[in-house]
Amino acid sequence: MSKELSHVDEAGNASMVDVSTKNESVRMAVASGNVLFPKHVFETLKAQDFLGPKGSIIQTAIIAGIQGVKRTSELIPLCHQLNVSKIHIDIQPIENSLHIACTVKCTERTGVEMEALTGVSISALTIYDMCKALSHDITISAIQLEHKSGGKHDFNL
């Protein structure tokens, strides 16, 4: 495994990776993260089935995360534009938090790790936006890659 930065050229300039010689393969990545609430806020949200004045907090966050996955190459300058074939975002209440998991698949020459991480991030930010009227003491944490497969190197956390 190369220990060099792939998005920096010999002169130290930002550079998009050339994937033209790579073979297409099925690529998959899973990322996760958490939105932690003060206990009283979480209990209020839970009692309301996570429905707020703007609608379903969880369903809105899922849709926002899907949109984020699709726009990753617009948000992160050196990411390739990919034809994503599957996006699944799951949001589950656990203790005083909402746990987000995002799975992304494609058949391409490069992986979908950034897309999965973006899906989690945008879902979490949407939850924050929809709940901030109850408290600004909401923490987004532990956004991380859990798994990737289909390229040169697989990864499992």
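This text gives an overview of the structure that appears in the document. (Residues numbered from 1 in each chain as written. Predicted model: local features only at pLDDT ≥ 70, side-chain atom pairs only at ≥ 80, totals over all residues. Heavy atoms only, no water.)

### With respect to the pairing of strand β6 (residues 139–149)
Line of reasoning, step 1. One ladder, built from eight bridges, connects strand β1 (residues 25–36) with β6; its direction is antiparallel. Following the sheet pairing, V30 is matched in β6 by H147.
Line of reasoning, step 2. Judged from the two bridges that link them, β6 and strand β7 (residues 155–156) form a sheet pairing that is antiparallel. By the bridge assignment, H147 is partnered in β7 with N156.
Line of reasoning, step 3. Where β6 hands over to β7, the hairpin turn is made up of five residues, of which G150 adopts a positive phi near 105°. (Pairing = 2+ DSSP bridges. Helix = DSSP H or I, 4+ residues; strand = E, 2+ residues; numbered from the N terminus.)

### Here's the deal with helix α4 (residues 113–131)
Line of reasoning, step 1. The end-to-end C-alpha distance of α4, which contains 19 residues, comes to 27 Å, matching closely the 27 Å that a straight helix rising 1.5 Å per residue would cover.
Line of reasoning, step 2. Where α4 is concerned, the buried positions are E115, A116, L117, T118, G119, V120, S123, A124, T126, I127, M130 and C131. (Expected span 1.5 Å × (residues − 1). Buried < 20%, exposed > 50% of the residue type's maximum accessible area, 1.4 Å probe, protein only.)

### A few points about the sheet that holds β1
Line of reasoning, step 1. Taken in spatial order, the five strands line up as β4-β5-β1-β6-β7 in an open sheet, and their pairing is antiparallel. The open sheet has two edge strands with one neighbour each: β4 (84–94) and β7.
Line of reasoning, step 2. Here helix α2 (residues 57–70) sits on the sheet and contacts β4 and β5 (97–108); the angle it forms with β4, its principal contact strand, is near 145°. (Contact = heavy atoms within 4.5 Å. Axes fitted to C-alpha atoms, helices over the stretch in contact; angles between N-to-C directions.)

### Brief notes about the side chain of H80
Line of reasoning, step 1. With respect to the element layout, H80 can be found in the loop between α3 (72–75) and β4.
Line of reasoning, step 2. A distance of 2.8 Å separates the side chain of H80 from the backbone oxygen of V17, its partner in a polar contact.
Line of reasoning, step 3. Residues in contact with H80, not counting those within four places in the same chain, are M16, V17, V19, S73, T110 and E115. (Polar contact = N/O pair within 3.5 Å; in protein donor to acceptor, adjacent residues only side chain to side chain.)

### Topic: the environment of N34
Line of reasoning, step 1. Its place among the elements puts N34 in strand β1.
Line of reasoning, step 2. Those residues in contact with N34 that lie beyond four places of it in its chain are S97, L98, H99, T139, I140, S141 and A142.

### Focus: the nonpolar core
Line of reasoning, step 1. Formed by 32 residues in total, the largest nonpolar core has its most connected members in F37, I91, I100 and I127.
Line of reasoning, step 2. Mapped by element, the contributors of at least two residues to this core are β1, α1 (39–47), α2, β4, β5 and α4. (Core = buried A, V, L, I, M, F, W, Y, C linked by side-chain atoms within 4.5 Å.)

### Quick notes on a nonpolar patch on the surface
Line of reasoning, step 1. On the surface, L125, I140 and I143 cluster together to form a nonpolar patch covering roughly 230 Å² of accessible area.
Line of reasoning, step 2. Turning to its location among the elements, L125 is positioned in helix α4. (Patch = residues over 30% accessible without salt bridge, like charges linked within 9 Å, V, L, I, M, F, W, Y side chains within 5 Å. Areas by Shrake-Rupley, 256 points an atom, 1.4 Å probe, with all protein chains shown as cover. Salt bridge = Lys/Arg side-chain N within 4 Å of Asp/Glu carboxyl O.)

### Quick notes on α2
Line of reasoning, step 1. Here α2 contains 14 residues, and its C-alpha end-to-end distance of 20 Å stays within 8% of the 20 Å for a straight helix at 1.5 Å per residue.
Line of reasoning, step 2. The set of residues buried in α2 consists of I57, I58, A61, I62, A64, G65, G68 and V69.

### Notes on the pattern of salt bridges
Line of reasoning, step 1. The full count for this structure, using the stated rule, is one salt bridge.
Line of reasoning, step 2. Taking the shortest distance from any N to any O, the salt bridge between K132 and D129 comes out at 2.8 Å.
Line of reasoning, step 3. With relative accessibility at 33%, the residue K132 sits in the partly exposed group.

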